[in-house]
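Summary of the model geometry
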Amino acid sequence: MKDTTKIYSISASEHTAAMKEFVIGSWQPVEGEAIYVALEHPNWAPWLEASAATLAGRARVFPHGQLVIKDLAGQYAASLSMNQILWDGQIAHLPSWDAVAGDPTDYSKTHNVMGNALVMMSVNVAPACKGKHMPTNLIAYAKVVANGLGMEHLLGSFRPSGFGQAKKAHGHDLNFGAYCWSKQEGTGKPIDPWLRSLAWNGLELLAVDPAAMTVKVSIGEFEEYKAQYKPDAWIEVAEGKWECEEVGTWNIDSNNGIAVYVESNVWGKIPLY
Ligand SMILES: CC(C)(COP(=O)(O)OP(=O)(O)OC[C@H]1O[C@@H](n2cnc3c(N)ncnc32)[C@H](O)[C@@H]1OP(=O)(O)O)[C@@H](O)C(=O)NCCC(=O)NCCS
């Protein structure tokens, strides 16, 4: 693997100039709680969000892969969490998001220092900074990191941010893969907002990650989520199947007293030049 010091030879001031009032770099374990509050919690459903301890753990396991953008006052604007895996280049061998994250999801069980691929696992933009191309800046820096580490691939198992709403608009009967590959008329870019943003950065869609994230809880815990998270959005779309404008679906298994959430994502590749 190449010497990685060149990643950090890019001075903060150089990036400040490139990004105007923002700086970009790696987050430290001590910032786990602050990143959770500013970026993770506002953007993820409670059953999907990473805890402050997990965010801190990721920075201990793979500091080069945990990127954050702050303004000059130190306010958090956006983050990108990446893990490093070995991939043989075959689409059929792409793992699930869960398999890349490991359990716990701090990459401690899955980070492979001999890996040849960086995987973008989670991108979060602070509510006040949305629409300012933060992801484009994170990806530009991720390419510097990937090239500095001698990676062959920059991948992601991406969750299409508009799929939950689109499903609702289509009576909860919408094919996930067809949606991900659907293009806007005129621009020819993806219909989905997040995939469209990634397309500006050269995204090539590879394959559906059909059970990217699976979460199993007791029915009691599921009922708490229903009561507390977007309480007006929940719909039983078929017997024992619940949705709340998220990408995935909850399946109730009354016999075993559990509820299982399964979310599909889509694998894609960003060119490293
Ligand atoms: C999904 C998310 C990361 C997108 O970030 P954002 O700040 O909202 O969006 P961007 O600034 O990248 O994009 C804003 C617009 O600029 C466009 N754009 C993005 N990069 C661009 C570029 N380099 N050049 C030109 N246009 C660009 C986008 O396509 C979008 O245009 P639109 O109006 O047609 O939709 C953000 O909304 C978020 O944090 N969501 C919650 C968490 C999540 O779902 N994360 C993704 C899964 S890991």
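Residues numbered from 1 in each chain as written. Predicted model: local features only at pLDDT ≥ 70, side-chain atom pairs only at ≥ 80, totals over all residues. Heavy atoms only, no water.

Concerning the site of the ligand
Around the ligand sit 17 residues in total, of which Val123, Gly131, His133, Arg196 and Ser197 are the nearest. For the ligand, a nitrogen atom lies 3.0 Å from a polar atom in the side chain of Thr136. Within the side chain of Arg196, an N or O atom sits 2.8 Å from an oxygen atom of the ligand. In the complex, the protein chains occlude 76% of the 940 Å² of accessible area that the ligand would expose alone. When contributions to the shell around the ligand are tallied by element, the ones reaching two or more residues are strand S4 (117-125), helix H6 (134-148) and helix H9 (193-199). Broken down by element, the shell around the ligand gets its largest block of residues, 4 residues, from S4. Considering only residue class, the shell around the ligand consists of 6 nonpolar, 7 polar and 4 charged. (Near = heavy atom within 4 Å. Polar contact = N/O pair within 3.5 Å; in protein donor to acceptor, adjacent residues only side chain to side chain. Areas by Shrake-Rupley, 256 points an atom, 1.4 Å probe, with all protein chains shown as cover. Helix = DSSP H or I, 4+ residues; strand = E, 2+ residues; numbered from the N terminus. Nonpolar A, V, L, I, M, F, W, Y, C, P; charged D, E, K, R; others polar.)

Some remarks on the environment of Pro104
In this structure, Pro104 sits in the loop between helix H5 (97-101) and S4. Judged by relative accessible area, Pro104 falls into the partly exposed class, the value being 34%. The spacing of Pro104 and Ile24 is 80 residues in sequence and 27 Å in space, taken between C-alpha atoms. (Buried < 20%, exposed > 50% of the residue type's maximum accessible area, 1.4 Å probe, protein only.)

Here we look at the side chain of Glu263
Along the chain, Glu263 falls in strand S10 (residues 258-270). Here Tyr261 takes part through its side chain, which lies 2.7 Å from a polar atom of the side chain of Glu263. Those residues in contact with Glu263 that lie beyond four places of it in its chain are Leu48, Arg159, Asp209, Pro210, Ala211, Ala212, Met213, Val247 and Gly248. (Contact = heavy atoms within 4.5 Å.)

What about the state of the cysteines?
Inspection of every chain in the model, using the stated rule, returns 0 disulfides. Cysteine Cys244 remains unbridged, with the sulfur of Cys180 as its closest cysteine sulfur at 18 Å. (Disulfide = S-S within 2.5 Å.)

A few points about the nonpolar core
One recurring pattern in soluble globular proteins: nonpolar side chains tend to sit buried together. Counting 49 residues, the largest nonpolar core has Leu118, Met120 and Leu198 as the members making the most contacts within it. No other element matches the 7 residues that H6 contributes to this core. Ala45, Tyr107, Met213 and Val215 belong to the second largest nonpolar core, which has 31 residues in total. (Core = buried A, V, L, I, M, F, W, Y, C linked by side-chain atoms within 4.5 Å.)

Quick word on the packing of aromatic side chains
Inspection of the entire model under this criterion finds 12 aromatic pairs. With 5.0 Å between their ring centres and 85 degrees between their planes, Phe163 and Phe176 make a pair best called edge-to-face. Here Phe163, found in helix H7 (residues 163-169), pairs with Phe176, found in helix H8 (residues 176-181); they are 13 residues apart in sequence, far enough to count as distant. Owing to a relative accessible area of 11%, Phe176 belongs among the buried residues under this scheme. Grouping aromatic residues by their ring pairs yields a cluster made of Trp47, Phe222, Tyr225, Tyr229, Trp234, Trp250 and Tyr261. Residue placement shows Lys189 over the ring face of Trp200; its charged tip is 4.4 Å from the ring centre. Against the face of Trp242 rests Lys226, its NZ or CZ located 3.7 Å from the ring centre. (Phe/Tyr/Trp six-rings, centres within 6.5 Å; stacked < 30°, edge-to-face > 60°. Lys NZ or Arg CZ within 6 Å of the ring centre and 35° of its normal.)

Topic: the pattern of salt bridges
Summed over all chains, the structure comprises 7 salt bridges. Glu263 serves as the salt-bridge partner of Arg159, at 2.9 Å between the closest nitrogen and oxygen. With Arg159 in the loop between strand S5 (153-158) and H7 and Glu263 in strand S10, this residue pair connects regions lying 104 residues apart in the sequence. The two residues Arg159 and Glu263 agree in class, both being buried. Where Glu246 meets Lys230, a salt bridge forms, and the shortest distance between an N and an O atom there is 3.2 Å. With Glu246 in the loop between strand S8 (241-243) and strand S9 (249-253) and Lys230 in the loop between helix H10 (219-228) and strand S7 (235-238), this residue pair connects regions lying 16 residues apart in the sequence. Under the relative-accessibility criterion, Lys230 is labelled partly exposed at 30%. A network of salt bridges, in which partner residues are shared, links Arg159, Lys230, Glu246 and Glu263. (Salt bridge = Lys/Arg side-chain N within 4 Å of Asp/Glu carboxyl O.)

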